[in-house]
Amino acid sequence: MTQQTWDAVDNYFATQLVPSDPALDAALKASDDAGLPAIAVAPNQGKFLYLLARIARARTILEIGTLGGYSTLWLAKALPKDGRVVTLEADPAHADVARRNFANAGYADRIDLRVGRAVDTLPELRDTAPFDLVFVDADKPSNPDYFRWALELTRPGSVIVVDNVVRAGKVADPGSSDASVRGVQHMTDLMAAEPRVDATALQTVGTKGYDGLAIALVTG
Ligand SMILES: C[S@@+](CC[C@H](N)C(=O)[O-])C[C@H]1O[C@@H](n2cnc3c(N)ncnc32)[C@H](O)[C@@H]1O
Ligand SMILES: [Mg+2]
């Protein structure tokens, strides 16, 4: 299988099942025009997050890693009118683009964007917790910290999703010295040893190449 096949299949399903949304398309274009890296989730992955949030009947969502807010908008779309997404972003330039995207999409009232390193902004969220769903998609070396925080800020029944866990297959290399790979491996160790979650991980292919995500249900 080749990238060309993966693109064609993603485009087939996106055309059928992920109708284009002008607000989301505009957010992607504005992010691109502002020079942000093209590392947002793909449209079908955004819809997947949206569906997970709806399946979980999420009213409060935490996202770690905003970029231009594309995945944030998918998550915000899944919320009831009085629901809320808190999204954390370290880079003020990314946050500026995201803030404009939220306003232009008409979702600014449902999204609370906090600028700063997530390890510094997460402790502020103890009063806002518990979150029904947490989406972890920031600096991968910090994934163990983000998993610990996600556990602290959720409740039994909450869902934790961690993006980009495959690292082009290097996650299976126990001798890897890549800090992102090691971050994912350490987080996976924590998930495996944690009696309060039930978790799995999936490899994926698509317009974003070869990747994958982990998902955990908080059980206790
Ligand atoms: C992969 S992008 C997020 C993509 C976004 N979730 C989406 O799919 O549309 C990762 C983001 O995390 C931010 N980031 C990196 N380190 C961070 C940190 N320590 N705290 C918070 N955000 C961080 C980066 O600046 C970048 O905007
Ligand atoms: Mg990602």
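Calculation criteria
Residues numbered from 1 in each chain as written. Chains lettered and ligands numbered in written order. Predicted model: local features only at pLDDT ≥ 70, side-chain atom pairs only at ≥ 80, totals over all residues. Heavy atoms only, no water. Helix = DSSP H or I, 4+ residues; strand = E, 2+ residues; numbered from the N terminus. Rg over C-alpha atoms; globule rule 2.2 N^0.38 Å. Buried < 20%, exposed > 50% of the residue type's maximum accessible area, 1.4 Å probe, protein only. Contact = heavy atoms within 4.5 Å. Areas by Shrake-Rupley, 256 points an atom, 1.4 Å probe, with all protein chains shown as cover. Lys, Arg positive; Asp, Glu negative; His and termini not counted. Charge placed at Lys NZ, Arg CZ, Asp CG, Glu CD. Donors = N, O, S within 2.8 Å, 3.2 Å for Na, K, Ca; no water. Core = buried A, V, L, I, M, F, W, Y, C linked by side-chain atoms within 4.5 Å. Salt bridge = Lys/Arg side-chain N within 4 Å of Asp/Glu carboxyl O. Polar contact = N/O pair within 3.5 Å; in protein donor to acceptor, adjacent residues only side chain to side chain. Near = heavy atom within 4 Å. 1 Å grid on protein atoms, 1.4 Å probe; cavity = no way out; pocket = protein on both sides within 12 Å on 5 of 7 lines; lining within 4 Å. Sits in = over half its atoms within 2 Å of the grid points. Nonpolar A, V, L, I, M, F, W, Y, C, P; charged D, E, K, R; others polar.

Identification of the protein as O-methyltransferase from Prauserella cavernicola is taken from an unreviewed UniProt entry.

### Quick look at the overall build of the protein
Counting its regular elements, the protein contains eight helices and seven strands. Over its C-alpha atoms the protein spans a radius of gyration of 17 Å, differing by no more than 12% from the 17 Å that the globule rule assigns to 220 residues. If one aligns the C-alpha atoms of the protein with their principal axes, the spans along those axes are about 45 × 45 × 30 Å. Classification of the 220 residues of the protein by burial places 47% in the buried group. Taking all contacts inside the protein whose residues are at least 6 apart in sequence as the whole, residues at least 24 apart take part in 71%. Entry remark: accessible area of the protein is about 10800 Å², with carbon and sulfur atoms responsible for 54%. On the protein, the mean spot of the 22 positive side-chain charges and the mean spot of the 28 negative ones are 5 Å from each other.

### Considering the coordination of the magnesium ion (ligand 2)
Looking at the magnesium ion (ligand 2), the protein donor atoms are Asp137 (OD), Asp163 (OD) and Asn164 (OD1), and they sit 2.1 to 2.2 Å from it. Coordination of the magnesium ion (ligand 2) draws on donor residues from a single chain, spaced D-x25-D-N in sequence. Of this pair, aspartate 137 sits in the loop between strand 4 (133-136) and helix 7 (143-152) while aspartate 163 is found in strand 5 (residues 159-163), placing the two residues 26 residues apart along the sequence. In this structure, aspartate 137 and aspartate 163 share a single accessibility class: buried.

### Considerations on the nonpolar core
Formed by 34 residues in total, the largest nonpolar core has its most connected members in Ile61, Leu73, Leu75 and Leu133. Counting residues per element, the ones that place at least two in this core are helix 2 (22-33), helix 3 (43-55), helix 4 (70-77), helix 5 (92-105), strand 3 (111-115), strand 4 and strand 5. Excluding residues that lie within four positions of it along the chain, leucine 75 makes contacts with Leu49, Ala53, Ile61, Glu63, Val85, Leu133 and Phe135.

### What about the side chain of glutamine 185?
Note on placement: glutamine 185 falls in helix 8 (residues 179-193). Residue glutamine 185 is classed as buried on the basis of its relative accessible area of 15%. Apart from residues no more than four positions distant in its own chain, glutamine 185 is found in contact with Lys170, Val171, Asp173 and Pro174.

### A short note on the side chain of glutamate 63
Looking at the secondary structure, you find glutamate 63 in strand 1 (residues 60-64). No salt bridge is formed by the buried glutamate 63; the nearest opposite charge belongs to lysine 140, separated by 10 Å. Side chain to side chain, glutamate 63 and threonine 87 meet in a polar contact 2.6 Å long.

### Quick look at the site of ligand 1
Near ligand 1, the surroundings consist of 22 residues, among which Gly65, Ser71, Glu89, His94 and Asp137 are the closest. For ligand 1, the accessible surface in isolation is 610 Å², of which the surrounding protein chains cover 89%. Judged by the proximity of its atoms to the pocket grid, ligand 1 belongs to the largest pocket. Counting residues per element, the ones that place at least two in the shell around ligand 1 are helix 4 and strand 2 (84-89). Tallied by class, the residues present in the shell around ligand 1 amount to 11 nonpolar, five polar and six charged.

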